[in-house]
Amino acid sequence: MRTFSSLRLILGDQLNSQHSWFKKADDNTLFVMMEVRSETDYVKHHVQKVVGIFNAMRNFSATMSEKGFHFYYIKINDSDNQHAFLSNISALIHRFQIQEVHYQQPDEYRLAVEMNQLQKELGLPVFKHETEHFLVETDEIASFFPKKGKSYLMEAFYRKMRLKYNILLDGSKKPLGGKWNFDQENRKKVPSQHHIFTTSLHFKNVTNLLTEIQTAGIETIGEINPTQFSWTTTREEALDLLSEFVDKALPYFGTLQDAMTKQHWYLYHSRLSFALNTKMLHPLEVITAVEKAHFNDPETYSLNQVEGFIRQILGWREFMRGIYWSQMPEFASLNFFNHQRKLPSWFWTGKTKMNCLHLSIKQSLSLSYAHHIQRLMITGNFCLLAGIHPDEVDDWYLGIYVDAFEWVEITNTRGMSQFADGGIVGSKPYVSSASYIHKMSDYCGTCHYKHDKKTGENACPFNTLYWHFIDKNVEKLANNPRMSMMINLWKKTENEQQNAFLRQAEYYITNLENL
Ligand code: FAD
Ligand code: DLZ
Ligand code: SF4
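First, a word on scope: everything that follows refers to the structure included in this document. Given the structure is predicted, the values throughout are model-derived calculations rather than measurements.

1. Points about helix H11 (residues 283-296)
Link 1 in the chain: Taking 1.5 Å of rise per residue, 14 residues should cover 20 Å, and H11 covers 20 Å from first to last C-alpha, within 8% of that figure.
Link 2 in the chain: Within H11 the residues assigned to the buried category are Pro283, Val286, Ile287, Val290, Glu291, Ala293 and His294. Burial along H11 is one-sided: seen end-on, the buried residues are contained in an arc of 150°. Among the exposed residues of H11, those pointing more than 90 degrees away from its buried face are Lys292 and Asn296.

In structure tokens:
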């Protein structure tokens, strides 16, 4: 009977072939991966997310096995699968006479707690390791984010990270171009004559895997075309996408980063989040590829495109992880505005007359993807203005997006988008009326509602829900300097008009299902 002295567990989002565990193959170590119901069922995931993760996990196990590492892979329908990490590991310890267990720090609090129990439950030495993925080490987080409940400024964090990794700096450690941030140049709508020339989709057939998932009875949301699955599920595919992104999309990324259009679902966005979050790609290799493009050809890859992109990964992504680990578990139940409403059922069908929501939700259901501004300023903006309970909003986001893992989902959703943390992540609530959506998209033109109408029939709901939100939260937002202009404007609005706005908003709120 074959034995191994140590077992190394690899979770579905730990597909890091560059990890020091894989420097050299040895015959005493058994790497273990498993498809388990405890992970497929903690939220109802989009079907493409489950397929994507299983497909990427299987590819990883196969590639590393070819390189000589011993892998034990438990598939979803294997008869000995006990569908939980602990019980599957226990069985393997017995079977292979394992003497010690190793795991990499999980990215989710829920699993970190579970893993902390392993030693006690297994009665064997258990060792925790870094994932070697993030740019702030786990034990460095406390120095960047020392206090619970405190507000943090992403911009200050980002500058420290630029200095730490020497990114886009000149010889005297000053930011290239004399500015840390080029956001002012990055708020353009898609120009009317613009021809979109971006990355392409590369399809693969996942029909057999989908059948296995269906046979297992896993409940999912959303749609899939199994012969045209487009998410990258190997490191090679992810590297190809990165290189195509740099060639084709990066030259426009910054300028059109906030734009929304019916013409194209990802526009100049990279679609790299799934590969990054499952660790097939390292954030620094993405950042350096982008920085290098600027150094080699600063005209094509101007600073505003490149800095805008790098900030998302070196800044926002690491910032969100730092917030997550410094604020959990309390963060998961924050509800600053005490919002209590349920999500309208059309969040699972896209059947609403509000065109921006219809398009963004439909796209999310069919592709398991929406870009940042669709997530923040369409669905997120609506949920905040409509007073939806942050738990409901979190569950929806955690389930629907292929890149959704709690550390980056909850900080973006409950924090940045719902301001349920009262301002730990962001310095003001991201709310807007229809004017922002009309300015940044081509959604309003064919909408049932009129973007420039505030009251009466067909008035865009965003317009009065916005003022209703301000009115309801005047006290809560009174000390927020970034909200004072809007609060003052509201206070100066004549009573009669205020009442008309509030009546219209109340009507919409009581009829959320029918919007
Ligand atoms: P690009 O626009 O090409 O950006 C490049 C990369 O930057 C992304 O791949 C991502 O790794 C990183 N990035 C960009 N913005 C953020 C951000 N705000 N926080 C962290 N990383 C960022 N991102 C997730 O990875 N998982 C989530 O579950 C998630 N949930 C979100 C929920 C809400 C309400 C909002 C407003 C944003 C959320 N984001 C999430 C952030 C962002 O929307 C996605 O990272 C992005 O849309 C992924 O698509 P992309 O790879 O094409 O991104
Ligand atoms: C999201 C997910 C799903 C759907 N299934 C699995 C699985 O069967 N096995 C696994 O190891 N991981 C899965 N994952 C990803 C995990 O939930 C992920 O490791 C945690 O969310 C930690 O970030
Ligand atoms: Fe959305 Fe209002 Fe524009 Fe319609 S009019 S697309 S509901 S912002």
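Right, picking up where we left off after that structure.
2. With respect to the packing of helix H14 (residues 372-386) against helix H18 (residues 461-472)
Link 1 in the chain: Closest axis-to-axis distance for the H14/H18 pair is 9 Å, and the angle between their directions is 50°. Looking at the two axes, H14 sits oblique to H18. Crossing handedness for the pair H14 and H18: left-handed. When H14 is examined against H18, the residues Ile378, Asn381, Phe382, Leu384 and Leu385 are found in contact with a partner set consisting of Phe462, Leu465, Tyr466 and Phe469.
Link 2 in the chain: Taken together, the residues that form the contact of H14 with H18 break down as 8 nonpolar, 1 polar and no charged.

3. Details of the pattern of salt bridges
Link 1 in the chain: Throughout the structure, instances matching the rule amount to 21 salt bridges.
Link 2 in the chain: Of the charged contacts, one joins Arg110 and Glu39 as a salt bridge, the two residues approaching to 2.9 Å between their closest N and O atoms. Of the two residues, Arg110 is situated in helix H4 (residues 109-116) and Glu39 in helix H1 (residues 37-40); the sequence distance between them amounts to 71 residues.
Link 3 in the chain: With its nearest N and O atoms 2.9 Å apart, the salt bridge here joins Arg375 to Asp403. Pair noted here: Arg375 is in helix H14 and Asp403 is in the loop between helix H15 (390-400) and helix H16 (406-417), with a separation of 28 residues, a long-range link.

4. Observations concerning the packing of helix H13 (residues 355-367) against H14
Link 1 in the chain: Running from amino to carboxyl end, H13 crosses H14 at an angle of 115°, the nearest separation of the two axes being 10 Å. Note that H13 runs across H14; the crossing there is left-handed. Facing H13, whose interface residues are Cys356, Leu357, Ser360, Ile361 and Gln363, H14 presents Gln374, Ile378, Thr379 and Phe382.
Link 2 in the chain: Its residues assigned to classes, the contact of H13 with H14 shows 5 nonpolar, 4 polar and no charged.

5. Describing the site of ligand 2
Link 1 in the chain: Near ligand 2 there are 19 residues, and of these Gly12, Asp13, Met34, Val36 and Glu39 occur at the shortest range.
Link 2 in the chain: In the model, an oxygen atom of ligand 2 is placed 2.9 Å from a nitrogen or oxygen of the Val36 main chain.
Link 3 in the chain: In the environment of ligand 2, an oxygen atom lies 3.0 Å from a nitrogen or oxygen atom belonging to the side chain of Glu108.
Link 4 in the chain: At the level of elements, H1, helix H2 (47-66) and H4 are the ones that each hand at least two residues to the shell around ligand 2.
Link 5 in the chain: Counting residues per element, the shell around ligand 2 draws most heavily on H2, at 3 residues.

6. Topic: the pairing of strand E4 (residues 100-104)
Link 1 in the chain: Taken across its 5 residues, E4 has 4 buried, putting it largely inside the fold.
Link 2 in the chain: With 4 bridges connecting them, strand E1 (residues 6-9) and E4 associate as parallel partners. Counted as the bridge partner of Leu7 is Val101 from E4.
Link 3 in the chain: As defined by bridge partners, E4 adjoins strand E5 (residues 126-129) across 4 bridges and the pair is classed as parallel. Opposite Tyr103, over in E5, you have Lys128 as the bridge partner.

7. With respect to the sheet that holds E5
Link 1 in the chain: On the basis of which strands lie adjacent, the open sheet formed by 5 strands has the order E3-E2-E1-E4-E5 and parallel pairing. Strands with a single pairing partner mark the edges of an open sheet, and in this sheet they are strand E3 (70-74) and E5. Across the sheet, the axes of successive neighbouring strands diverge by a mean angle of 25°, strand direction being ignored.
Link 2 in the chain: Contacts from H2 reach strand E2 (29-34) and E3 within the one sheet, and its direction differs from that of E3 by about 155°.

8. Quick look at the side chain of Thr413
Link 1 in the chain: Here Thr413 lies in helix H16.
Link 2 in the chain: Ignoring sequence-local partners within four residues, the contact set of Thr413 consists of Val393, Asp394, Tyr397 and Gln418.

9. Some thoughts on H2
Link 1 in the chain: Over its 20 residues, H2 runs 29 Å from end to end, which matches the ideal 28 Å to within 8%, given 1.5 Å per residue.
Link 2 in the chain: Trailing H2 by a residue or two, Gly68 shows a phi angle of about 105°, which is positive.

10. Digging into the packing of aromatic side chains
Link 1 in the chain: Evaluation of the coordinates by the stated rule reveals 45 aromatic pairs.
Link 2 in the chain: Arranged with centres 5.1 Å apart and planes meeting at 90°, the rings of Trp396 and Tyr397 form a pair that is edge-to-face.
Link 3 in the chain: For Trp396, a relative accessible area of 2% puts it in the buried group.
Link 4 in the chain: Ring centres of Tyr466 and Trp467 lie 5.0 Å apart, and the angle between their planes is 85°; on these two criteria the pair is classed as edge-to-face. This pair shows no difference in class: Tyr466 is buried, exactly as Trp467 is.
Link 5 in the chain: Clustering of aromatic rings is evident, with ring pairs tying together Trp346, Phe347, Phe382, Trp396, Tyr397, Tyr401 and Phe462.
Link 6 in the chain: We note Arg271 situated over the ring of Tyr266; from NZ or CZ to the ring centre the distance is 4.1 Å.
Link 7 in the chain: Directly above the ring of Tyr401 sits Arg375, whose terminal nitrogen or CZ lies 4.0 Å from the centroid.

Rules of the game
Residues numbered from 1 in each chain as written. Chains lettered and ligands numbered in written order. Predicted model: local features only at pLDDT ≥ 70, side-chain atom pairs only at ≥ 80, totals over all residues. Heavy atoms only, no water. Helix = DSSP H or I, 4+ residues; strand = E, 2+ residues; numbered from the N terminus. Expected span 1.5 Å × (residues − 1). Buried < 20%, exposed > 50% of the residue type's maximum accessible area, 1.4 Å probe, protein only. Arc of directions from axis to C-beta. Axes fitted to C-alpha atoms, helices over the stretch in contact; angles between N-to-C directions. Parallel < 35°, antiparallel > 145°, perpendicular 65-115°, else oblique. Left-handed = near helix turned anticlockwise from the far one by under 90°. Contact = heavy atoms within 4.5 Å. Nonpolar A, V, L, I, M, F, W, Y, C, P; charged D, E, K, R; others polar. Salt bridge = Lys/Arg side-chain N within 4 Å of Asp/Glu carboxyl O. Near = heavy atom within 4 Å. Polar contact = N/O pair within 3.5 Å; in protein donor to acceptor, adjacent residues only side chain to side chain. Pairing = 2+ DSSP bridges. Phe/Tyr/Trp six-rings, centres within 6.5 Å; stacked < 30°, edge-to-face > 60°. Lys NZ or Arg CZ within 6 Å of the ring centre and 35° of its normal.

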